[in-house]
Amino acid sequence: MAAAHGLSGAPLTKLWLYVVALGTVLVSSMNWRHYARLRIVPYVVRDWQFWRGATSLISFSTYTELAVGMIMIYQLRAVERLFGTRKYAAFLFIAGLVGQVLCIVGVWALLMTRRTLAAAIVANLSVSAAMGPFALIFAVLYQYYLHIPSQRRSAAEFMGVLASDKWIVYFVAVSLWPSSKLGAIVPSAAGVAASYVYSANIAGLRYWRFPLWASGAAQRLLLPLLSSHAASGGASQSSTARLADTAAARNAAFLRGFQHFDQTRQQHTEPPDEELVAQLQSMFPDAGRERVAQALQASRNDPNRAAAIMLEH
């Protein structure tokens, strides 16, 4: 099967990029930064403006942060492909909700700490968290760290640790902090904590999904807008007909070959790679070796597909 390129198989990531880009442009051009800041005092604790927890996630404060943030969101699209769009949507909703609550608690704790620590220590950790979806980005980054295997290793060694291709993603993520004057540290830590809560399946959060009617409505409304190949009129109908004919032909070919495949599947099943078994067991410590081996056999020793099978079952 051909590898996915660009934003193929990641419509929610595409929507996220659009929302953040348009939100940043609107907030900057209309001078709405006042409404997009998650300022704890006085707006949250005195005025109970909890809606700021949502508005602070849709835009960055500067275009530099926007550029780096969009690179991060794009790089993390592998998590959506691994989870599937419906599960990824549920994860983003839970991570955003739990992360913003933890962010408010964290900033409030810093406010209490400022009364006892030297002002220089907390000078950059003000009473407002940095504007931007830092909690969401770092929540997804934690899942990226847990579930996405390294594709290759570089020759460089740092302090005795062999660097992998994932290091560049971590470096780009951390580079967001200086531009926000360290105000992004608290929401970033809150996002990682929210992602940990999700992975630990506290209160069954990992198995929660949006209702099917809501998912179906979102697909009908948004997928046509996110399609990379828009067409109109007769050209659209002709293209749809060709696609239907092609799909029917492929299905017929698949059905013809399925019986033969089913008869020979056992003889051609690849044995599980022991190195991959150990890697997946470190990701899923609660799963037995037999379950991991079955997932690798079903995926023909593809660690990404095996991880997806483990997550869904």
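Above this note sits the structure.
Quick caveat, the model's predicted, so the values are computed rather than measured.

## A look at helix α15 (residues 289–298)
- Here α15 has its buried residues at V292, A293, A295 and L296. The buried residues of α15 occupy an angular sector of 160° when the element is viewed end-on, so they sit on one face.

## What to know about the pattern of salt bridges
- Under the counting rule described, the total for this entry stands at one salt bridge.
- Close ionic contact of E274 with R289 constitutes a salt bridge, the shortest N to O distance being 2.5 Å. One end of the pair, E274, is in helix α14 (residues 274–283); the other, R289, is in helix α15, and 15 residues separate them in sequence.
- Judged by relative accessible area, which is 38%, R289 ranks as partly exposed.

## What to know about the packing of α14 against α15
- At a minimum axis distance of 10 Å, the contact between α14 and α15 shows a crossing angle of 120°. Considering their axes alone, α14 and α15 lie oblique with respect to each other. The handedness of the crossing between α14 and α15 is right-handed. Between α14 and α15, the contacting residues are E274, L276, V277, L280 and Q281 on the first element and R289, V292 and L296 on the second.

## Quick word on a nonpolar patch on the surface
- A contiguous nonpolar surface patch, about 540 Å² in accessible area, is contributed by L26, M30, W32, Y35 and W51.
- Position of W32 among the secondary structure elements: in the loop between α1 (11–29) and α2 (33–36).

## Some words on the packing of aromatic side chains
- Scanning all chains against the criterion turns up ten aromatic pairs.
- Between F83 and F91 the ring centres are 6.0 Å apart and the planes differ by 85°, which places this aromatic pair in the edge-to-face class. Both residues of the pair, F83 and F91, belong to the buried class.
- Taking 5.8 Å as the distance between ring centres and 15° as the angle between the ring planes, the aromatic pair formed by F138 and W177 counts as stacked. With a gap of 39 residues between them, F138 in helix α8 (residues 134–147) and W177 in helix α10 (residues 176–179) connect regions that are remote in the sequence.
- Residue class for W177 comes out partly exposed when judged on its relative accessible area of 23%.
- A cation over a ring is seen here: R77 above Y74, with NZ or CZ 4.0 Å from the ring centre.
- For the cation-ring pair, K87 lies above F83, with the distance from its terminal atom to the ring centre recorded as 4.6 Å.

## Points about the packing of α8 against helix α9 (residues 167–174)
- Two elements in contact, α8 and α9, have axes separated by 12 Å at closest approach and are oriented at 165°. In terms of their interaxial angle, α8 and α9 are classed as roughly antiparallel. The crossing of α8 and α9 is left-handed. Two secondary-structure elements touch here, α8 through F138, L141, Y144 and Y145 and α9 through V169, Y170 and A173.
- Broken down by class, the residue content of the contact of α8 with α9 amounts to seven nonpolar, no polar and no charged.

## Observations concerning the side chain of H147
- Note that H147 resides in helix α8.
- Excluding residues within four positions of it along the chain, H147 makes contact with L82, F83, M283, F284, A307 and L311.

Analysis parameters
Residues numbered from 1 in each chain as written. Predicted model: local features only at pLDDT ≥ 70, side-chain atom pairs only at ≥ 80, totals over all residues. Heavy atoms only, no water. Buried < 20%, exposed > 50% of the residue type's maximum accessible area, 1.4 Å probe, protein only. Helix = DSSP H or I, 4+ residues; strand = E, 2+ residues; numbered from the N terminus. Arc of directions from axis to C-beta. Salt bridge = Lys/Arg side-chain N within 4 Å of Asp/Glu carboxyl O. Axes fitted to C-alpha atoms, helices over the stretch in contact; angles between N-to-C directions. Parallel < 35°, antiparallel > 145°, perpendicular 65-115°, else oblique. Left-handed = near helix turned anticlockwise from the far one by under 90°. Contact = heavy atoms within 4.5 Å. Patch = residues over 30% accessible without salt bridge, like charges linked within 9 Å, V, L, I, M, F, W, Y side chains within 5 Å. Areas by Shrake-Rupley, 256 points an atom, 1.4 Å probe, with all protein chains shown as cover. Phe/Tyr/Trp six-rings, centres within 6.5 Å; stacked < 30°, edge-to-face > 60°. Lys NZ or Arg CZ within 6 Å of the ring centre and 35° of its normal. Nonpolar A, V, L, I, M, F, W, Y, C, P; charged D, E, K, R; others polar.

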